[in-house]
Amino acid sequence: MNFSEVFKLSSLLCKFSPDGKYLLRITVWSLCTKSVSYIKYPKACQQGITFTRDGRYLALAERRDCKDYVSILVCSDWQLLRHFDTDTQDLAGIEWAPNGCVLAAWDSCLEYKILLYSLDGRLLSAFCAYEWSLGIKSVAWSPSSQFLAVGSYDGKVRILNHVTWKMITEFGHPATINNPKIVVYKEAEKSPPLVLGRLTFPPPRAAAGPLSSTESEYEVASVPVSLQTLKPAADRANPRIGIGALAFSPDNCFLATRSDSVPTAVWIWDIQKLRLLAVLEQLSAVRCFQWDPRQARLAICTGGGKVYLWSPAGCVSVQVPGEGDFQVLSVCWHLSGDSLALLSKDHFCLCFLETEQGVGTAFGQRGDHT
């Protein structure tokens, strides 16, 4: 049974212990027995809680006496299975492999270090690509647990294998694409034709917004292609550099990445051939992308009124129908892959896809009360 069907995990709650120390705790509510369990000493970090895919085990990052620890608990009764310390200066996140056999733990961006632990807490391997520079920014497992992708602040993705836990290749993200074998799709605006005699004043609400009045389509660009780069501010924290997002396709064949210094581009890598396959350059910065859980189909949004779909057969831009300016900030696939939820600030839109005829046109919208 899935964890979410039985338990509700609340947000971190702040409290003070009897000796006056400031503590955090996690409250777990059972939706079946209505019992309440408490987990102490969680660390408020980037990704400090992770469940195995089958929902049997929970790994929790902890901070005690200025040292990092990981506790592995059994979700059926919340009993402690393993508790061990990690060789990290400031633990930033943990993530289970999809098979639930290996736990990845990585340090903060100030030190490049990623550690691989077994279910019983044994250290399997440690990986460090370089020193004396900003380190790890994003981590993603392949669905088969055979590969671990590590995105770094140096703008490269390093792929580790599950046998030796050594690096098998690294992917760079250059600002200029010169290889003619790489397909570069560029989003281009296409204004709809004006029909004389049918103009009305004032214009309809659906056509009033700037994003709704123009359509867009993809064009295949000829190499060399120079991508739009962003120069980070050197005097500010959290510089916009490095690999901010990465995700494997469900068939383990492709890896999608986004470099924060090239915010308008999505890079598609062929994992079988270990090479760059395609680049999608959008008109606006990419906000979110997510793979279809059933097939190699990627959904992308840029905060505008469109959703973009890529597959090995090509890519398409789809305008979200409806009144007003619907800004797609994130996307979420249904587990069946037949529908897609498009989320804005206070609305959502349901998109239903038809496999025989391509992208469907059945949409539903709900308002602020959802």
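The preceding data block contains the structure.
The structure reproduced in this document is the subject of the present report. Sequence order as written defines residue numbering, which begins from 1 separately in each chain. Residue-level local features of this predicted model are given only where pLDDT is at least 70; pairs of side-chain atoms are given and counted only at 80 or more, and the full residue set underlies all totals for whole chains, interfaces and linings. Side-chain numbers here rest on the full set of heavy atoms in the structure, without hydrogens or water.

## Structural notes on the pattern of salt bridges
Line of reasoning, step 1. The term salt bridge refers to a pairing of a side-chain nitrogen on Lys or Arg with a carboxyl oxygen on Asp or Glu at a separation within 4 Å. A full pass over the atoms with the stated rule returns 15 salt bridges.
Line of reasoning, step 2. D154 serves as the salt-bridge partner of R158, at 2.7 Å between the closest nitrogen and oxygen.
Line of reasoning, step 3. Burial status follows relative accessibility: with a 1.4 Å probe on protein chains alone, a residue under 20% of its type maximum counts as buried, one over 50% as exposed, and anything between as partly exposed. Taking the relative accessible area as the measure of exposure, D154 reaches 35% and is therefore partly exposed.
Line of reasoning, step 4. For the salt bridge of R258 with D260, the shortest nitrogen-to-oxygen distance reads 3.1 Å. In terms of burial, R258 and D260 fall into one category: buried.
Line of reasoning, step 5. Among the charged side chains, a network of salt bridges with common partners joins K43, R63, D68 and D90.

## A word on a nonpolar patch on the surface
Line of reasoning, step 1. Note on patches: the residues involved have over 30% relative accessible area and no salt bridge, like charges join within 9 Å, and the nonpolar side chains Val, Leu, Ile, Met, Phe, Trp and Tyr join within 5 Å. Note on areas: these come from Shrake-Rupley sampling with a 1.4 Å probe, and a residue is covered only by the protein chains present in the view. A cluster of nonpolar side chains, namely W29, V36 and Y38, defines an oily patch on the protein surface of about 300 Å² accessible area.
Line of reasoning, step 2. Residue position: Y38 is located in strand 4 (residues 36-40).
Line of reasoning, step 3. A relative accessible area of 47% means that Y38 is categorised as partly exposed. Strands are runs of DSSP state E lasting at least 2 residues, helices are runs of H or I lasting at least 4, and numbering of each runs from the N terminus.

## Topic: the sheet that holds strand 21 (residues 243-248)
Line of reasoning, step 1. Taking strand neighbours across the sheet as the criterion, the six strands line up as 19-18-24-23-22-21 in an open arrangement whose pairing is mixed. Edge positions in the sheet fall to strand 19 (215-221) and strand 21, since each has one partner strand and no second. Neighbour-to-neighbour, the strand axes of this sheet turn through a mean angle of 20°, independent of strand direction. When DSSP finds two or more bridges between two strands, those strands count as paired. Inter-axis angles, ranging from 0 to 180 degrees, are taken between N-to-C directions of lines fitted to C-alpha atoms, where helices are fitted over the stretch in contact.

## Regarding the sheet that holds strand 12 (residues 123-127)
Line of reasoning, step 1. The four strands lie next to each other as 9-10-11-12, forming an open sheet whose pairing is antiparallel. Unpaired on one side and paired on the other, strand 9 (91-96) and strand 12 mark the two borders of the sheet. Adjacent strand axes in the sheet meet at a mean angle of 20°, parallel and antiparallel pairs treated alike.
Line of reasoning, step 2. Of the strand pairs in this sheet, strand 9 and strand 10 (residues 102-107) are connected by five bridges, and their pairing is antiparallel. Its bridge partner lying in strand 10, G93 is registered against W106.

## Overview of the pairing of strand 6 (residues 57-64)
Line of reasoning, step 1. Summarising burial for strand 6: six of the eight residues are buried, a large majority.
Line of reasoning, step 2. Connecting the antiparallel pair strand 5 (residues 49-51) and strand 6 is a turn made up of five residues, with G55 showing a positive phi of about 75°.
Line of reasoning, step 3. By the bridge criterion, eight bridges tie strand 6 to strand 7 (residues 67-74) in an arrangement that is antiparallel. Looking across to strand 7, one finds that L60 is bridged to S71.
Line of reasoning, step 4. Joining the antiparallel neighbours strand 6 and strand 7 is a turn of two residues, in which D65 adopts a positive phi near 50°.

## A look at the side chain of R297
Line of reasoning, step 1. Checked against the element boundaries, R297 lands in the loop between strand 25 (288-291) and strand 26 (298-301).
Line of reasoning, step 2. Between N or O atoms, a polar contact is any pair within 3.5 Å; within protein, one atom must be a potential hydrogen donor and the other a potential acceptor, and residues adjacent in sequence are included only when both atoms are from side chains. A distance of 3.0 Å separates the side chain of R297 from the backbone oxygen of G337, its partner in a polar contact.
Line of reasoning, step 3. When checking whether two residues touch, look at their non-hydrogen atoms; a contact exists if any pair is within 4.5 Å. Those residues in contact with R297 that lie beyond four places of it in its chain are Q290, W291, D292, W310, W333, G337 and L353.

## Let's talk about the pairing of strand 30 (residues 339-343)
Line of reasoning, step 1. Most of strand 30 is tucked away: four of the five residues are buried.
Line of reasoning, step 2. Judged from the four bridges that link them, strand 29 (residues 330-333) and strand 30 form a sheet pairing that is antiparallel. Across the sheet, the residue bridging to W333 is L340, located in strand 30.
Line of reasoning, step 3. Between strand 29 and strand 30, which pair antiparallel in sequence order, lie five residues; one of them, G337, sits at a positive phi of approximately 80°.
Line of reasoning, step 4. Here strand 30 pairs with strand 31 (residues 348-354) via five bridges, running antiparallel. Within strand 31, the position partnered with L340 by the bridge is C351.
Line of reasoning, step 5. Taken together, strand 30 and the strand that follows it, strand 31, pair antiparallel across an intervening segment of four residues.

## Quick look at the environment of G303
Line of reasoning, step 1. Residue position: G303 is located in the loop between strand 26 and strand 27 (306-311).
Line of reasoning, step 2. Through-space distance from the C-alpha of G303 to that of L329 is 4.7 Å; in sequence the pair is 26 residues apart.
Line of reasoning, step 3. Sequence-distant contacts of G303, defined by excluding residues within four places in its chain, comprise R287, Q327, V328 and L329.

## Here we look at the packing of aromatic side chains
Line of reasoning, step 1. Stacked, tilted and edge-to-face are the three classes applied to pairs of Phe, Tyr and Trp rings, where Trp contributes its six-membered ring and a pair requires centres within 6.5 Å; stacked means planes under 30 degrees apart, edge-to-face means over 60, and tilted covers the rest. Tallied over the entire structure, the rule returns 11 aromatic pairs.
Line of reasoning, step 2. Aromatic side chains F171 and W269 sit 4.3 Å apart centroid to centroid with 10° between the ring planes, which places their arrangement in the stacked category. With F171 in strand 16 (residues 167-172) and W269 in strand 23 (residues 265-270), the pair connects residues that are 98 residues apart, well separated along the chain. You'll find F171 and W269 in the same group, each marked buried.
Line of reasoning, step 3. Relative to W310, the ring of F254 lies with its centre 5.5 Å away and its plane at 80°, an arrangement referred to as edge-to-face. With a gap of 56 residues between them, F254 in strand 22 (residues 254-259) and W310 in strand 27 connect regions that are remote in the sequence. The pair F254 / W310 is uniform in exposure class, with both members buried.
Line of reasoning, step 4. Taken together, the ring pairs connect Y112, F127 and Y130 into an aromatic cluster.

## Overview of the side chain of N252
Line of reasoning, step 1. If you trace the backbone, N252 turns up in the loop between strand 21 and strand 22.
Line of reasoning, step 2. For N252, a relative accessible area of 17% puts it in the buried group.
Line of reasoning, step 3. In contact with N252, other than residues within four places in its own chain, are S142, P143, S144 and I271.

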